[in-house]
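Below, each chain spelled out in residue letters.
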Amino acid sequence: YCWKDANNKVVSQNSQYTFVAKGDTTLTAYFTKRQRNISVNTVNGTLKVPSKAEIESTVTITPVPNEGCVYTADSISVNGEAITGNSFIMPDENVTLSAHFYVNEYYFALKNVLVKAKEINQSLYSSKTVSVLQTAIANAQNSLVNDVSQEESNARIEELQSAINNLIFIKGDC
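Reading guide: rules and limits
Residues numbered from 1 in each chain as written. Predicted model: local features only at pLDDT ≥ 70, side-chain atom pairs only at ≥ 80, totals over all residues. Heavy atoms only, no water. Helix = DSSP H or I, 4+ residues; strand = E, 2+ residues; numbered from the N terminus. Rg over C-alpha atoms; globule rule 2.2 N^0.38 Å. Contact = heavy atoms within 4.5 Å. Areas by Shrake-Rupley, 256 points an atom, 1.4 Å probe, with all protein chains shown as cover. Lys, Arg positive; Asp, Glu negative; His and termini not counted. Charge placed at Lys NZ, Arg CZ, Asp CG, Glu CD. Polar contact = N/O pair within 3.5 Å; in protein donor to acceptor, adjacent residues only side chain to side chain. Pairing = 2+ DSSP bridges.

Student: Can you break down the overall build of the chain residue by residue, with the values?
Tutor: Each helix and strand counted, the chain has three helices and 14 strands in total. Scaling as 2.2 N^0.38, a compact globule of 174 residues should have a C-alpha radius of gyration of about 16 Å, whereas the chain reaches 30 Å, well beyond that. The dimensions of the chain, computed from C-alpha atoms along their principal axes, are 105 × 35 × 20 Å. Across the chain, every contact between residues at least 6 apart in sequence was considered, and the portion connecting residues at least 24 apart equals 56%. Element-wise, carbon and sulfur atoms account for 47% of the exposed surface of the chain, whose accessible area totals about 11500 Å². Positive and negative side-chain charges in the chain, numbering 14 and 17 respectively, have mean positions lying 10 Å apart.

Student: An account of the side chain of Ser-153 is needed here, citing residue identities and associated values.
Tutor: Within the secondary structure layout, Ser-153 lies in helix α3 (residues 150–165). Here Tyr-106 takes part through its backbone oxygen, which lies 2.8 Å from a polar atom of the side chain of Ser-153.

Student: So what about the sheet that holds strand β10 (residues 77–78)? Which residues, and what values?
Tutor: What the five strands build is an open sheet, ordered β6-β4-β13-β10-β11; its pairing is mixed. For this open sheet the edge positions go to β6 (52–54) and β11 (81–82), each flanked by a neighbour on one side alone. Here β10 runs beside strand β13 (residues 95–98); their pairing, made up of two bridges, is antiparallel. Each residue of the ladder has a partner; that of Val-78, found in β13, is Leu-97.

Student: Pulling in residues and values, what's your account of the pairing of strand β4 (residues 35–40)?
Tutor: In terms of strand pairing, β4 meets β6 through three bridges, oriented antiparallel. Pairing of Arg-36 across the sheet is with Ala-53, part of β6. As defined by bridge partners, β4 adjoins β13 across three bridges and the pair is classed as parallel. Paired with Ser-39 across the bridge in β13 is Thr-96.

Here it is as structure tokens:
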């Protein structure tokens, strides 16, 4: 709060200002909008929001899942109350936001096989079989998204394992 006179001089910083008028007097009251704190309580992801918001303003929430995790649509709550969509009107109180993210086991199953396939020393195998492996690796990388389905994950794992099992060894130290 701030009160200023006609000369733009601050005469009070209290919410209420009492004075004795000695003739025509102009005072202007300046108010700052009140803000409240926003905190986030989630597992396997976070919610991107400002740390504070003005009362009665619209707060937009962006769910950000951790690697291999998936945001459950419409699972956001504000102080325990479920909301629809990804925004809410800031109340006149501090709020805690929560949301549900689940771990996608199919993502990690595919990632583990992909990592092993990429560790293979391709120079030890025939170019024809390495080409098949490289295609399988590229397909797996394209499918490696947080919400990969069981069917897609299994298909890429099978393709990788087949390519690995069919590699033809061409040279070594033996």
